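Residue-level listing of the chains:
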Amino acid sequence: MTVVGTTPPPRLPVRDRTAARENAGGGLSPMLRRLAAEGATGVLERERGALHLVEGRVVHAESPLSPGLEVLLCAHGTLDAATWREAVERADEKAGAARLLLESGRIGRGALELCHLGALYDAAYFALAPSSTPGHFRYGTGHWFGVLRPVPVDVLERETLRRRALLDRLWPDPLPDSAPLLPTEPVAAPPLTARQRGVLALVDGVRTASGIARELGRRAFPTLVEVRRLAAAGLVTARFPPPVPPPPPDLALPRVDDPDITLLKRLRDALEAL
């Protein structure tokens, strides 16, 4: 079956000068590095997500491209939804939601930290992606979730770079990370793991990798790994975004050779000759 409007095979990987500079110590976000050195508290808002800092360390991260912490906690029964909502509603500057959840006895510290760090690193992967707009930092208090296990900025950047490199080795085309995914029919389909079959079953030409992760109640990054593997195997492809429609044409100015313009010019010349 031929699929129209999908991504062509990716180009052969070439040396990324930006990545080389980042690995040399420049960092993914110079602003984030400055805030860490300053020991700032507040939120760094970027094009694809936000990083919340307390005293220069990242305590929470959010991105519309990554399932939130509540999805990871509640999807498979680690925490019931009512307990989560109660903690969120009661959270304030003195008692964050993390502290309230632990005090309730409904979840252990290890399970909460594991889910929280998973959500934080996943959201930060998207938030630290190359951006077409500058970031903006708002000084203020910490996040309502509270401080559970803060992450140093250099650790967060190293993990983000590691994830980029892993995904590029699997399939060097980032479009499947965010575009709607389409199933394909390869000549010889390779054997799939149970996790890959679960992801592939939700590929319908509408859902994105993030949407599939939410549907499965799983973290974003492991889902991206499976999507890239499926793309490399020829089982999925990314749908190109629809072309941007051209702006409405301006009212065309009359051409100098227009018959009406030519007639008016002759009349003007005749009047001037009188």
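Taken as a whole, this structure holds 16 salt bridges when the rule is applied. For the salt bridge of R90 with E86, the shortest nitrogen-to-oxygen distance reads 3.9 Å. With R90 and E86 both in helix α4 (residues 81–90) and four residues apart, this pair spans about one turn of that helix. Given the relative accessible area of 51%, R90 is considered exposed. Linking D177 and R228 is a salt bridge whose minimum nitrogen-to-oxygen distance equals 2.7 Å. Of this pair, D177 sits in the loop between α7 (153–170) and β5 (181–183) while R228 sits in helix α10 (residues 220–232), placing them 51 residues apart in sequence.

Moving on to helix α5 (residues 97–104). Looking only at α5, the buried set comprises A97, A98, L100 and L101. Looking down the long axis of α5, one finds its buried residues gathered within 165° of arc, a one-sided arrangement. Against α4 and α6 (109–127) lie the buried residues of α5. Looking at the residues trailing α5, positive phi occurs at G105, about 75°.

For the structure on display, the rule yields zero disulfides. Free of any disulfide, C74 has its nearest neighbouring cysteine sulfur in C115, separated by 9.4 Å. Under the relative-accessibility criterion, C74 is labelled partly exposed at 25%.

Applying the stated criterion across every chain yields a total of five aromatic pairs. With centroids separated by 4.7 Å and ring planes inclined at 90°, the aromatic side chains of F137 and Y139 adopt a geometry described as edge-to-face. Taking the relative accessible area as the measure of exposure, F137 reaches 11% and is therefore buried. Three or more aromatic residues joined by ring pairs make a cluster, and in this case those are W84, W144 and F145. The lysine or arginine in question, R163, covers the ring of F221, its NZ or CZ lying 4.5 Å from the ring centre.

Quick notes on the rules
- Residues numbered from 1 in each chain as written.
- Predicted model: local features only at pLDDT ≥ 70, side-chain atom pairs only at ≥ 80, totals over all residues.
- Heavy atoms only, no water.
- Salt bridge = Lys/Arg side-chain N within 4 Å of Asp/Glu carboxyl O.
- Helix = DSSP H or I, 4+ residues; strand = E, 2+ residues; numbered from the N terminus.
- Buried < 20%, exposed > 50% of the residue type's maximum accessible area, 1.4 Å probe, protein only.
- Arc of directions from axis to C-beta.
- Contact = heavy atoms within 4.5 Å.
- Disulfide = S-S within 2.5 Å.
- Phe/Tyr/Trp six-rings, centres within 6.5 Å; stacked < 30°, edge-to-face > 60°.
- Lys NZ or Arg CZ within 6 Å of the ring centre and 35° of its normal.

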